[in-house]
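So you can see what is in the structure, the chains are spelled out below.
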Amino acid sequence: MKVFSIAFNTFRENLRDKLLYNLLIFALLMIGSSLILMRLTLGEFHRLILDIGLGSINFFGVLIAIFVGIGLVSKEIEKKTIYTIMSKPVARYQFLLGKYLGLSLTLLINTAIMAVGLLVVLYFQDVPVHAVLFKALGMIVLEFMVITAVALLFSTFSSATLSAIFTLAIYVIGHLTTDLRAFGQKMEGVGRAVLEGMYYILPNLDRFNLKGNVTHQLDVPAGDLLMIAAYGMAYAAFLLMLASVIFQQRDFR
Amino acid sequence: MSRIPSLALEHDVQIDQLRKVFKVGFWGRRVTAVDGVSFEVQRGEVFGFLGPNGAGKTTTIKMLMGLIYPSGGTATLFGRQIGDPVAKAKVGFLPESPYFYDYLTGREFLRFYGHLFGFFGTALDKRIDELLELVGMTPARDLQLRKFSKGMLQRVGIAQALINDPELVILDEPMSGLDPIGRKEVRDLILRLKETGKTVMFSSHILHDAELLCDRVAMIMKGKLVACGHVSELIAGDTTHEVEMVIDRLLPEALERIRPLTNKVVLQGERVMVVLSSQQSVDQAIDVVRSAKAKLVALTPHKASLEDLFIRKATGAQQSVEARV
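Quick caveat: nothing in here was measured; it's all calculated off a predicted structure. (Residues numbered from 1 in each chain as written. Chains lettered and ligands numbered in written order. Predicted model: local features only at pLDDT ≥ 70, side-chain atom pairs only at ≥ 80, totals over all residues. Heavy atoms only, no water.)

## Considering the overall build of chain A
Part 1 of the reasoning: A count of helices and strands for chain A gives 12 helices and 0 strands.
Part 2 of the reasoning: The globule rule puts the C-alpha radius of gyration for 253 residues at 18 Å, and the 20 Å found for chain A is close to it.
Part 3 of the reasoning: Dimensions of chain A along its principal axes, counting C-alpha atoms only, are 60 × 50 × 30 Å.
Part 4 of the reasoning: The 253 residues of chain A split such that 51% are buried. (Helix = DSSP H or I, 4+ residues; strand = E, 2+ residues; numbered from the N terminus. Rg over C-alpha atoms; globule rule 2.2 N^0.38 Å. Buried < 20%, exposed > 50% of the residue type's maximum accessible area, 1.4 Å probe, protein only.)

What follows is the structure in structure tokens.
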């Protein structure tokens, strides 16, 4: 129950944050702008709308996950609001988990709103909607949850600015891990071992990207979907455990 | 300071040889913030934890609340190790210059903290209304905390510390930054808590408040405990009994006769103020004033106070005490 109280309070904090609304409005404008871009393009209208729409949802969601995520813990320590929370009978891992779930809820609702925006555009442009679109949206939310866990982990031991840089770096590299491995295989010795190691340690975020399937109307089998979901959740859970261990040791000065 | 361990259950707080060493800066230079502090807070008393800024008061309190881990020594709340959720459930805590979620309204804020203790529903709402009434914040209950003044934040902060009807209330600098009216209100509140049988421990560098409120005090300087006990006993042990004498129209040659008797002379135009530290010198000074036909305006004995003790200890510890004390 305490975890949910903290989660709900975090959700409420997010709702009263102006950053969220700015990003949401931008995302909806981006989705809407595909209508204008469409008039400048020859053919492939449907793909363009879907591509820009999903791309916007993904991009702005990641921005929220990173820039709200890095503040989840560091802001509480900086503003000293954590003193009153931790002096109540609340375990530290409960606090972390609550914060994490709160932002995840925000991201889920945010994605839902953006998805409705996209569906409205698709409806008026007579673009057929396939089930794979919803699967892709689900995977986007899962990616947000992994990135939020990365941001949360960094914010348990470094400042907000450093956490933002680290998380952004992980996000970018996370989408290039396949290239990392391919690059590594062309190398010898230590270089190869390092790059291979990075491939296995860093999150393979490209696994969550089903945009290609949506634009080409290629369905994803349930088994694959399950594997990706299991991978994402296991990865996020591992990061949260690591964050809890670090957070447990911390002095709040 | 070593002491015989007494029955833990009689004490709400027991601290034994508590130490905290911080590593600061890039090279991890070691700084001892709290150095072997031992004292206990008895059930039902108002306990003052005094010391200048940076003496280690907040660090000690943070260790008690499980926000910082001790480097050595032990501390218990209600006989349980610090950090124990069962003990935490019986404690209310107000941090120093508290910062709260400013996007919440007064009522939402208290409700959230109530949830953390597992309180829900109408019983919690009733408790919140009572607390808002107690700290005089009922009119501001639906106002966001960002619009609160410092005094209002302090009051709502005290309300959150009382949400679980705690047996022990720990307040870190509850009077700092408040105007005289606000300070008096906090004092009254502490006394009211004592009347209802609660134990109150508060830290302060405002000694006047401590003298008015506390049954017992502990004084900490540079991380070390320098005094601990009943206020009256601590003051009685203090040997400075000075008398301040104010004289008008004192001729210079008469002043020269008084000068050897005193260690402090202040000239304010026609008026002379001298400080005398023994009964004998007071008698001799009065004789001089009479014979010189000067006018004795005031003769004020200095009551020994916590402040004298504090300043003496501070000079002993070679620590600068800020002028505002």
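Moving on, there is more to tell.
## Overview of the nonpolar core
It is characteristic of soluble globular proteins that their nonpolar side chains tend to be buried jointly.
Part 1 of the reasoning: In this structure, B:Phe39, B:Tyr113, B:Ile170, B:Met201 and B:Leu306 are the most contacted members of the largest nonpolar core, which totals 157 residues.
Part 2 of the reasoning: Once you skip the residues sitting within four places of it in the chain, B:Ile170 turns out to touch B:Ile61, B:Leu64, B:Met65, B:Val91, B:Gly92, B:Phe93, B:Leu94 and B:Met201. (Core = buried A, V, L, I, M, F, W, Y, C linked by side-chain atoms within 4.5 Å. Contact = heavy atoms within 4.5 Å.)

## With respect to unusual backbone geometry
Residues and elements named next belong to chain B.
Part 1 of the reasoning: Positioned with a positive phi, Glu-173 is a non-glycine residue whose angle comes to about 50 degrees.
Part 2 of the reasoning: Here Glu-173 lies in the loop between strand 7 (168-172) and helix 6 (180-195).
Part 3 of the reasoning: Residue Glu-173 is classed as buried on the basis of its relative accessible area of 3%.
Part 4 of the reasoning: Its identity as a non-glycine residue notwithstanding, Lys-293 has a phi of 60 degrees, on the positive side.
Part 5 of the reasoning: Mapped onto the elements, Lys-293 comes out in the loop between helix 10 (279-291) and strand 14 (295-301).
Part 6 of the reasoning: You can call Lys-293 exposed: its relative accessible area is 69%.

## Examining the pairing of strand 11 (residues 243-248) of chain B
All names here are of chain B.
Part 1 of the reasoning: Here strand 11 lies mainly inside the structure; 5 of its 6 residues are buried.
Part 2 of the reasoning: Of the pairings in the sheet, the one linking strand 11 to strand 14 comprises 6 bridges and is antiparallel in character. The partner of Ile-247 across the bridge, within strand 14, is Leu-296. (Pairing = 2+ DSSP bridges.)

## Considerations on the sheet that holds strand 4 (residues 72-77) of chain B
Sheet strands pair via backbone hydrogen bonds, and the direction of the pair is either parallel or antiparallel.
Residue and element names in this part refer to chain B.
Part 1 of the reasoning: Read from one edge of the open sheet, 4 strands run 2-1-4-5, paired in antiparallel fashion. The open sheet has two edge strands with one neighbour each: strand 2 (29-42) and strand 5 (80-81).
Part 2 of the reasoning: Pairing geometry for strand 4 and strand 5, over 2 bridges, is antiparallel. Pairing of Leu-77 across the sheet is with Arg-80, part of strand 5.
Part 3 of the reasoning: Against the sheet, helix 1 (residues 57-64) makes contact with strand 1 (11-24), strand 2 and strand 4, and its axis sits at roughly 115 degrees relative to strand 1, the strand it touches most. (Axes fitted to C-alpha atoms, helices over the stretch in contact; angles between N-to-C directions.)

## Focus on the interface of chain A and chain B
Part 1 of the reasoning: Across the boundary between the two partners, chain A contributes 28 residues, which contact 30 residues of chain B.
Part 2 of the reasoning: For the chain A and chain B pair, buried surface summed over both sides reaches about 2,800 Å², with 58% attributable to carbon and sulfur atoms.
Part 3 of the reasoning: Three residues stand out in chain A for area buried against chain B, namely A:Arg16, A:Lys88 and A:Arg253, and they jointly supply 21% of the buried area on that side.
Part 4 of the reasoning: Taken together, the connections running from chain A to chain B amount to 3 salt bridges.
Part 5 of the reasoning: We note a salt bridge from B:Glu108 to A:Arg16, for which the minimum N-O separation is 2.9 Å. (Buried area = accessible area lost by both parts, 1.4 Å probe. Salt bridge = Lys/Arg side-chain N within 4 Å of Asp/Glu carboxyl O.)

## Brief notes about the pattern of salt bridges
Side-chain pairing between opposite charges can occur once the charged atoms of the two side chains come close.
Residues and elements named next belong to chain A.
Part 1 of the reasoning: Going through the model one piece at a time under the given rule, you end up with 26 salt bridges over all chains.
Part 2 of the reasoning: The residue Lys-75 makes a salt bridge to Glu-13 at a minimum N-O spacing of 3.6 Å. Remark: Glu-13 occurs in helix 1 (residues 2-15) and Lys-75 occurs in helix 4 (residues 71-78); sequence separation between them is 62 residues.
Part 3 of the reasoning: With relative accessibility at 34%, the residue Lys-75 sits in the partly exposed group.

## Some details on the sheet that holds strand 3 (residues 46-50) of chain B
All names here are of chain B.
Part 1 of the reasoning: Spatially, 6 strands are ordered 6-7-8-3-9-10 in an open sheet, and the strand pairing comes out mixed. This sheet does not close on itself; its edge strands, each paired only once, are strand 6 (91-94) and strand 10 (224-230). Geometrically, the sheet is characterised by an average inter-axis angle of 15 degrees between neighbouring strands, direction not taken into account.
Part 2 of the reasoning: Where strand 3 and strand 8 (residues 199-204) come together, 5 bridges link them in parallel fashion. What sits directly across from Val-46, in strand 8, is Val-200.
Part 3 of the reasoning: Of the strands in this sheet, strand 3, strand 7 and strand 8 are in contact with helix 6, which crosses strand 8 at around 155 degrees.
Part 4 of the reasoning: Packing against the sheet, helix 11 (residues 306-316) makes contact with strand 3, strand 9 (216-221) and strand 10, and its axis sits at approximately 25 degrees to strand 9.

## So, helix 4 of chain A
Part 1 of the reasoning: Burial within helix 4 of chain A is extensive, with 6 of its 8 residues counted as buried.
Part 2 of the reasoning: Of the residues one or two after helix 4 of chain A, A:Lys80 is the one with positive phi, at around 65 degrees.

## Here's the deal with the confidence of the model for chain A
Part 1 of the reasoning: Averaged over every residue, the pLDDT of chain A is 88; residues scoring 70 or more account for 100%.
Part 2 of the reasoning: Mean pLDDT across the secondary structure elements of chain A bottoms out at helix 2 (residues 18-40) of chain A, with 81, and peaks at helix 12 (residues 222-249) of chain A, with 94. (pLDDT = per-residue confidence, 0-100.)

## Concerning the packing of helix 3 (residues 106-116) of chain B against helix 4 (residues 121-134) of chain B
Residues and elements named next belong to chain B.
Part 1 of the reasoning: Running from N to C, helix 3 and helix 4 point in directions that differ by 125 degrees, and their axes come no closer than 10 Å. Classed by the angle they form, the pair helix 3 and helix 4 counts as oblique. Taken as a pair, helix 3 and helix 4 cross one another with a handedness that is right-handed. Judged by residue contacts, Arg-107, Leu-110, Arg-111, Gly-114 and His-115 of helix 3 engage Leu-124, Asp-125, Ile-128, Asp-129 and Leu-132 from helix 4.
Part 2 of the reasoning: Here the residues of the contact of helix 3 with helix 4 are counted per class, giving 4 nonpolar, 2 polar and 4 charged. (Parallel < 35°, antiparallel > 145°, perpendicular 65-115°, else oblique. Left-handed = near helix turned anticlockwise from the far one by under 90°. Nonpolar A, V, L, I, M, F, W, Y, C, P; charged D, E, K, R; others polar.)

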